[in-house]
Amino acid sequence: MISFLLKGILRDRSRSLLPVIVVSLGVFLTIVMSAWIKGIFSEVIDMNAKFTTGHVKVMTRVYAENSNQMPLDLALLGVNELKQNLEKDYTDMEWVCRINFGGLLDVPDKNGETRAQGPAAGKAIDFFNNPKEVERMNIVKSIVDGTIPKKPGEAIISHEFAEKFGLGLGQKVTLFGSTMNGSMLFKTFTVCGTIRFGVTMLDRGAILIDISDAQLALDMENGSTEMLGFFNDGEYDKLKATEVVDAFNTKYSKQNDEFSPQMFRLEQQAGLEEYLAMAENMGGIMITFFIIAMSIVLWNTGLLGGLRRYTEYGIRLALGEEKKHIYMTMIYEAILIGIIGSIIGTVLGLGMSYYLQEVGVDFSDITKNINMMIPPIYRAAIYPDLFYIGFIPGLVAMTLGNALVR
Amino acid sequence: MDIIKITDLVKKFPVGNGHFTALNQISLTFGEGEFAGFVGPSGSGKTTLLNIIGSLDTPTEGNAIVLDKSISELSHKQSAKLRNQHIGFIFQTYNLLPVYTVYENVEFALLLQNLSGSVRKKAVLEALEWVGLTDKIKSKPAQLSGGESQRVAIARAMVKKPKIVLADEPTANLDSKNSHNILQTMLKLNEELKTTFIFATHDEKVMKYLKRKISLADGKVVGDEMI
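Just so we're clear, the structure is a prediction, and the values are computed from it rather than from any experiment. (Residues numbered from 1 in each chain as written. Chains lettered and ligands numbered in written order. Predicted model: local features only at pLDDT ≥ 70, side-chain atom pairs only at ≥ 80, totals over all residues. Heavy atoms only, no water.)

### Focus: the overall build of chain A
The cut-off we apply is this: Helix and strand definitions here come from DSSP, where helices need a minimum of 4 consecutive H or I residues and strands a minimum of 2 consecutive E residues; each element is numbered from the N-terminal end. Accessible area is worked out with a 1.4 Å probe on protein chains only. A residue is then buried under 20% of its type maximum, exposed over 50%, and partly exposed in between. Contacts: residue pairs with any heavy atoms within 4.5 Å of one another. Neither His nor the chain termini are counted; the positive set is Lys and Arg, and the negative set is Asp and Glu. To locate a charge, the coordinates of NZ of Lys, CZ of Arg, CG of Asp or CD of Glu are taken.
Scanning chain A for helices and strands turns up 16 helices and 14 strands. Considered along the principal axes of its C-alpha atoms, chain A spans approximately 100 × 50 × 30 Å. With 406 residues in all, chain A has 52% of them scored as buried. Put simply, 76% of the contacts in chain A that link residues at least 6 apart link residues at least 24 apart. Side-chain charges of chain A comprise 37 positive and 45 negative groups, with the mean position of each set lying 9 Å from the other.

### A look at the pattern of salt bridges
Side-chain pairing between opposite charges can occur once the charged atoms of the two side chains come close. All names here are of chain B. Selection criterion: The term salt bridge refers to a side-chain nitrogen of Lys or Arg lying within 4 Å of a carboxyl oxygen of Asp or Glu.
The final tally for this structure, using the stated rule, is 27 salt bridges over all chains. When the shortest N-O distance is used, the salt bridge between Glu126 and Lys161 registers 3.6 Å. Linking Glu126 in helix H4 (residues 117-130) with Lys161 in the loop between helix H5 (146-158) and strand E7 (164-168), this pair joins segments that are 35 residues apart in sequence. Take Glu126: its relative accessible area is 34%, and that puts it in the partly exposed class. Where Lys205 meets Asp203, a salt bridge forms, and the shortest distance between an N and an O atom there is 3.3 Å.

### Brief notes about the sheet that holds strand E3 (residues 35-39) of chain B
All names here are of chain B. For clarity, the cut-off: Pairing between strands is defined by DSSP: at least two bridges between them are needed. The axes are straight lines fitted to the C-alpha atoms, using for helices just the contacting stretch, and the angles between their N-to-C directions are given from 0 to 180°.
Read across the sheet, six strands follow the order E6-E7-E8-E3-E9-E10 without closing on themselves; strand pairing throughout is mixed. Where the open sheet ends on each side, the last strands, each with one partner, are strand E6 (87-90) and strand E10 (220-226). The mean inter-strand angle of the sheet, taken between neighbouring strand axes irrespective of direction, is 15°. Bridge count between E3 and strand E8 (residues 196-201): five bridges; the pairing is parallel.

### Section: the domain arrangement of chain A
Our working rule: Where each domain starts and ends follows an automatic or database-derived domain assignment.
Split by domain assignment, chain A resolves into domain 1 (2-47 + 274-403) and domain 2 (56-235). Taking only C-alpha atoms, the centre of domain 1 of chain A and the centre of domain 2 of chain A are 48 Å apart.

### Here's the deal with the confidence of the model for chain A
Close inspection of predicted coordinates is inappropriate in any region flagged by low pLDDT. Cut-off, in case you're wondering: Every residue is assigned a pLDDT by the predictor, reflecting its confidence on a scale from 0 to 100.
Mean pLDDT over chain A works out to 86, with 97% of the residues at or above the 70 mark. Per-element mean pLDDT across chain A ranges from 69 in helix H14 (residues 364-367) of chain A up to 95 in strand E1 (residues 56-60) of chain A.

### Observations concerning the interface of chain B and chain A
Where we set the bar: Buried area is understood as the total, over both parts, of accessible area removed when two parts are fitted together, assessed with a 1.4 Å probe. Polar contact is the term for a pair of N or O atoms within 3.5 Å; when the atoms are in protein, one must be able to donate a hydrogen and the other to accept it, and sequence-neighboring residues count only if both atoms are side-chain atoms.
Taken together, the 20 residues of chain B in the interface contact 20 residues of chain A. Here chain B meets chain A over a buried area of about 1,900 Å², counting both sides, of which 70% is carbon and sulfur. Counting the surface chain B buries against chain A, the share from its top three residues, Val99(B), Tyr100(B) and Phe108(B), is 30%. Residues Glu104(B) and Arg11(A) are paired through a salt bridge, measuring 2.5 Å at the closest nitrogen-oxygen approach. At the boundary of chain B with chain A, the tally comes to six residue pairs in polar contact (both at pLDDT 80 or more). Residue assignment for the side of chain B that touches chain A shows that the elements contributing at least two residues are helix H2 (76-86) and helix H3 (102-111) of chain B. Ranked by residue count, the leading element in the side of chain B that touches chain A is H2(B), at five residues.

### Thoughts on the packing of helix H2 (residues 13-53) of chain A against helix H16 (residues 391-403) of chain A
Residue and element names in this part refer to chain A. Note the following rule: Left-handed describes a crossing in which the near helix is turned anticlockwise from the far one by less than a right angle; the clockwise case is right-handed. Classes in brief: Ala, Val, Leu, Ile, Met, Phe, Trp, Tyr, Cys and Pro nonpolar; Asp, Glu, Lys and Arg charged; the others, Gly included, polar.
The interhelical angle for the contact between H2 and H16, taken along N-to-C directions, is 145°, at an axis separation of 8 Å. Seen from above, H2 lies across H16 with right-handed handedness. Where H2 approaches H16, its residues Pro19, Val23, Val27 and Thr30 are matched on the opposing element by Pro393, Gly394 and Met398. Among the residues forming the contact of H2 with H16, the class breakdown is five nonpolar, two polar and no charged.

### Overview of the sheet that holds strand E4 (residues 61-66) of chain B
Residue and element names in this part refer to chain B. The antiparallel open sheet is built from four strands, whose spatial order is E2-E1-E4-E5. Single-partner strands in this sheet number two, and they are strand E2 (18-31) and strand E5 (69-70). With 10 bridges joining them, strand E1 (residues 2-15) and E2 adopt antiparallel strand pairing. In the strand pairing of E2, Lys12 is matched with Thr21.

### With respect to a negative patch on the surface
Quick reminder of the rule: The patches described consist of residues with a relative accessible area above 30% and no salt bridge, like charges being joined within 9 Å and nonpolar side chains (Val, Leu, Ile, Met, Phe, Trp, Tyr) within 5 Å. Values of accessible area rely on a 1.4 Å probe in the Shrake-Rupley scheme; residue burial ignores everything except the protein chains shown.
Together, Asp233(A), Glu235(A), Asp237(A), Glu243(A) and Asp246(A) give the surface a local cluster of negative charge. Owing to a relative accessible area of 32%, Asp237(A) belongs among the partly exposed residues under this scheme.

Have a look at this one:
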């Protein structure tokens, strides 16, 4: 009977063509949108991990509460020992110190007088001894002119900042601010490079220096505002991260000591928990929406098909087929069409997702004024679930749409 | 032995607030191997009576017993089984399934009986041989003439070797030559297989072949003659 139905479906285009197109289209959209949402959210998370949150991050308890103000006086101390301990305890992770600081960048004229000033959002990383950090933050590729700092006293500044104030390579900029001890900071750097990450939040007033320079200038010997941990394979593993965080906090964090170190998972920072929940909800909402929309279209198609095949059902009843059997064959046909449409939609959807993964869509013009860490190019991400995720709306909608015809 | 026994059968259809009596106090019997027909003008109740015998409809009052089964008391499943195993239908407009080949149209009746592929094939080829269409096995209904289409319909009705074949105006869409061919084929099958054929017709050509003519008018039997 199945082969009999299959022949009917393949030969009678008016019975199968529109439903197959609707199912294929719905499955195609489900897969592409799922891949794209996953890709965007993954990239946002990955970007946040690399630039801000790490896979896990250690801060003092009190710094964590006020981290948006970058209060240097609440930073971690004894980071060298802490880092050694962490490297010993968690051998499959890399630990890096970073210092975030704010201040004012002063651009002097040829007489040493202030020519221009602008706010600075500084980040100090280990340029001299840790090439993986440079690679992780994609700094080499993001440099527009010059190189990364190779010796003390060198800094990379934002390309926009450099252009705005007519700063060239080799010229001096002075960082004004306050040190960890609250004393005034005046430190002059030589511009060795200009950078454009393509992310407004990172590019606006950026100054990147080596962590040893920052520790010296900010009176932060053996200190840093944060210590980031990354899994060696580069992939975030929530379960593993939770284990690490729980073990660390049990061992090091003390409730009654606000300067004791505390570790946080990626999602526990910068509102990413809600962001990830939203990503999952969006996927669910999207699939539900497609099931409802496709069911309505397929229900209507089924109704029209049912009317057109009214005579056929009459003949089949006369030949001795039960009403229930006829109804079941309609459902079988729907399942067959659903499978055919889902396979076509999955193949096309995966093809489009692959294209979006490799090429992406450039939204940098639209996102240039957004103060969030979001990628300029939105790419899809192909993941194993995509190979079957389309079958859920494809089969359910087709079967439901035809079941409603009864 | 009677294979169909109709007693005081009444069939009413609701019309507005009242009803229309399509069949009124019909009592008839049919034996095995009869070649009979209901004749009469349109609206006389021929098709309604055929539908009740074929368990496609049920009587409002009275009894219709077909092959020892009371049509009124059959469930949907039982009436479908009765049609599937023992009753063949032939329609005025052939009613072949347009997307399937001649072979597949004839085979469909057997698919419902869950017979094996080889048994089905043997039966289908035999049925097509009866009607002389073995050379059209792979043709689609659209590629057939009216006469050929009706012969396929006969093969489809006969392939399961039913005890009763009900033919509703089988020649109405056919020319004289094709009508005679069709009727001769049915007569041959009736004689060879002892299948009971019951027609609903007002076609003179059919009437010439009938061995029993039951005249209906306004839902009543007004004549029943053996020829």
